[in-house]
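Breakdown of the fold
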Amino acid sequence: RGMEVNMGAHKNFAKIMMSTAVLFFSSYACGGEEKEEGIESIEHRRTPLRRNNSEMSLRVQKHPGDVHFAISTPPNVGGIGLAITKMHRRSVSHDRGAEGDLPSPSTYLRQQADELDSLRYLDAAAYQQLEKAFKRLNSRPYLPWLSFSGGGVRGIIAAKMLEIFEEKTGRQAKDLFPFMAGTSTGGLLATLLMRGVPAKEAVEVYKDYATSIFYPQYYFNPAGIRGPKYNIQNLKEVIRDYVGNDRLADIQGDLLIASYNASRKRTHVFKSWDARQNPGDKLRNPKLIKLLAATAAAPTYFDPVVIDGEAYVDGGLFANDPAACALAEIKHRYGKVNHMAILLGTGKVDRGFTEPYDLMGRGTLSQVKDIIDYAISGNVDTARYIVGQFLPNIGSFQQLYVIDPAISKEFSEMDCTDPHVIHRLELYADDYVEAEKDKPWLRKLVEELVIKKQLGKIAKPQQAFDRRVSTDGMTIRDL
């Protein structure tokens, strides 16, 4: 059904060979009854007619319901070789599961086997490596997990994306993702979802409470000389409506929240499983109202929050996307798993291009805002780079999804409460999904989330990795 031709010097001969081979193999491989849509096995045989150590080859690739032929010769071909692939077909019943247009678990497993079979046109060494990788994938449990970035009211973008996922899968986020991590507004969103708040309701939190959270406490406060722009108590009152007096240990799933210890000048990662093991420790098991205020307490915007006698501020100072922190903890807590990591951003801002010479000769005051932008966007990109290096794709199995729609600069302020701006941020998520809905990765992601849950292949924590020894506020592993 599809042909890809790359012909060198012997164009006419290659055309003849292509026509003959395609007609022959099409009639052989595609013959039979119309109901036959799968490939049971693929045998690879190469018959070279060598001259100047070059060859011509026929490559056959298979996708569900499709057979693709490709004849190619390297540039400056001096001789001709033909790679022949013999294809055996079998009947495949593409039954659908309870999710409507999603395949059933049995069909999904059969498609995985077909995918491996379709790669037999590779040389023996490459195929063996892929075969080992597929076996390893099938033997390990899967861990779907979320990482939410900070960004103030722009967190509505991530909330809207989760609302769309919940609609497509028919399940709440807490049932799909046993592990979540968040910083600042992402920490608040992760906590709400982990406590069973539907993503649709989380979207409404941003619409209903943005004005009260970001209500200026001073009418005249140039350059923040009178103090932070907003009163932290307003944020705490909103948080209290959803978490009451609960503590971190009351979270049933695995939740990671990043914050910065301004008193000790150290990073700190709060973990729900650590809190459950140490319920009497006020630092490890703080009240959620304090923890969520602390992770969102951005300097100049809010006052620090005191937890166990020490001041904590926004975790975005070191991990605005806590994905790298999450990956490190998952490695120790869950052992070897197949990851399904979804990194949800709050909008990637296009700030345009600045001419190099426009950046020369600038002093401290003129660079303060740029330095903050450099630091926050830089640590997000660094976290995603680290996670991307550790979670490569194997075949069609994608371990990492970064979802961060591009937004314009006029909608980039984290404390803008204009209803028009908040609505536009919500539309960014809708526009992103609309643009991506026909692409394979989105359907594949939804299928993976639902089917792995049905198959019972979701990873569970290994308690042996939970032991900790603490000394002077620093945490080391008890190996």
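In what follows, the accompanying structure is described. (Residues numbered from 1 in each chain as written. Predicted model: local features only at pLDDT ≥ 70, side-chain atom pairs only at ≥ 80, totals over all residues. Heavy atoms only, no water.)

1. With respect to the overall build of the protein chain
What counts is decided by this rule: In DSSP terms, a helix is any run of H or I states spanning at least four residues, a strand is any run of E spanning at least two, and both are numbered starting from the N terminus. Burial here depends on accessible area, computed with a 1.4 Å probe over protein chains only, as a share of the maximum for the residue type. Under 20% is buried, over 50% is exposed, and the range in between is partly exposed. Only heavy atoms enter the contact rule, under which two residues are in contact if any of them lie within 4.5 Å. Accessible areas in this description were obtained via Shrake-Rupley with a 1.4 Å probe; residue shielding takes into account the shown protein chains only.
Across its full length, the protein chain holds 15 helices and 17 strands. Burial analysis of the protein chain (479 residues in total) assigns 47% to the buried set. Here the contacts in the protein chain between residues at least 6 apart in sequence split such that 74% fall between residues at least 24 apart. If you sum the accessible surface of the protein chain, you get close to 23,700 Å²; carbon and sulfur atoms cover 53% of it.

2. Remarks on the side chain of Thr185
The criterion, for reference: Distance and chemistry together define a polar contact, namely a pair of N or O atoms within 3.5 Å, with one atom able to donate a hydrogen and the other to accept it when in protein, and with adjacent residues in sequence counting only for side-chain atoms on both sides.
By the secondary structure assignment, Thr185 is in helix α6 (residues 185-194). Take Thr185: its relative accessible area is 7%, and that puts it in the buried class. Side-chain polar atoms of Thr185 contact the backbone oxygen of Gly152, separated by 3.2 Å. Leave out the neighbours within four places in its chain, and Thr185 touches Ser149, Gly150, Gly151, Gly152, Gly155, Tyr206 and Thr346.

3. Re the pattern of salt bridges
Put simply, the rule reads: By salt bridge we mean one thing: a side-chain nitrogen of Lys or Arg within 4 Å of a carboxyl oxygen of Asp or Glu.
Tallying each qualifying case throughout the model produces 18 salt bridges. Put simply, Glu163 and Lys160 hold a salt bridge, and the shortest N to O gap is 3.3 Å. Taken together, the residues span about one helical turn, with Glu163 and Lys160 both in helix α4 (residues 155-169) at a distance of 3 residues. For Arg333, the salt bridge goes to Asp254, with nearest N and O atoms at 2.7 Å.

4. Describing helix α7 (residues 199-213)
The following threshold applies: Each helix should span, by expectation, one fewer than its residue count multiplied by 1.5 Å.
The terminal C-alpha atoms of α7, which comprises 15 residues, lie 20 Å apart, in line with the 21 Å expected from a rise of 1.5 Å per residue. All of the buried residues in α7 are Ala199, Ala202, Val203, Val205, Tyr206, Ala210 and Ile213. The elements touched by buried residues of α7 are α4, α6, α8 (232-243) and α14 (419-436).

5. A short note on the packing of α6 against α7
Basically, it comes down to this: Structural elements are reduced to axes, namely lines fitted to C-alpha atoms, with helices fitted over the stretch in contact, and the angle between N-to-C directions of any two is expressed from 0 to 180 degrees. Handedness of a crossing is defined here by the sense of rotation of the near helix relative to the far one, left-handed for an anticlockwise turn of less than a right angle and right-handed for a clockwise turn. The nonpolar class holds Ala, Val, Leu, Ile, Met, Phe, Trp, Tyr, Cys and Pro. Asp, Glu, Lys and Arg form the charged class, and all remaining residues, Gly among them, are polar.
The interhelical angle for the contact between α6 and α7, taken along N-to-C directions, is 145°, at an axis separation of 10 Å. For α6 against α7, the interelement crossing comes out right-handed. Along the contact surface, α6 presents Thr185, Leu189, Leu192 and Leu193, while α7 presents Ala199, Ala202, Val205 and Tyr206. The residue makeup of the contact of α6 with α7, split by class, is 7 nonpolar, 1 polar and no charged.

6. Structural notes on the packing of α8 against helix α10 (residues 288-295)
Stated formally: Reported orientations rely on four angle classes, namely roughly parallel under 35 degrees, roughly antiparallel over 145, roughly perpendicular from 65 to 115, and oblique for the rest.
Between α8 and α10, whose axes approach to 9 Å, the crossing angle comes to 135°. Between α8 and α10, the interaxial angle falls into the category oblique. Crossing of α8 over α10 shows right-handed handedness. Here Ile232, Leu235, Lys236, Ile239, Arg240 and Val243 of α8 come into contact with α10, specifically with Leu288, Ile289, Leu292 and Ala293.

7. Observations concerning α10
By the criterion of burial, α10 is predominantly enclosed, with 7 of the 8 residues buried. Buried within α10 we find Leu288, Ile289, Leu291, Leu292, Ala293, Ala294 and Thr295.

8. Describing the environment of Asp404
Looking at where Asp404 falls in the secondary structure, it is placed in the loop between β14 (400-403) and β15 (406-408). Taking C-alpha positions, Asp404 is 5.2 Å from Gly347, a pair spaced 57 residues apart along the chain. Look past the residues within four positions of Asp404 in its chain and what remains in contact with it is Gly345, Thr346, Gly347, Lys348 and Arg384. Among the polar contacts made by the side chain of Asp404, one reaches the main-chain amide nitrogen of Thr346 at a distance of 3.4 Å. From its side chain, Asp404 meets the backbone nitrogen of Lys348 in a polar contact 3.4 Å long.

9. As for the packing of aromatic side chains
Going by this rule: Aromatic contacts are taken between Phe, Tyr and Trp rings whose centres are within 6.5 Å, Trp giving its six-membered ring; a plane angle under 30 degrees counts as stacked, one over 60 as edge-to-face, and the others as tilted.
Inspection of every chain in the model, using the stated rule, returns 12 aromatic pairs. Ring centres of Trp145 and Phe179 lie 6.5 Å apart, and the angle between their planes is 80°; on these two criteria the pair is classed as edge-to-face. One end of the pair, Trp145, is in strand β6 (residues 142-148); the other, Phe179, is in strand β7 (residues 179-183), with 34 residues separating them in the sequence. Arranged with centres 6.0 Å apart and planes meeting at 40°, the rings of Tyr401 and Trp441 form a pair that is tilted. One end of the pair, Tyr401, is in strand β14; the other, Trp441, is in helix α15 (residues 440-454), and 40 residues separate them in sequence. Of the two residues examined, Tyr401 and Trp441, each falls in the buried class.

Taken by themselves, the reported measurements are silent on function.
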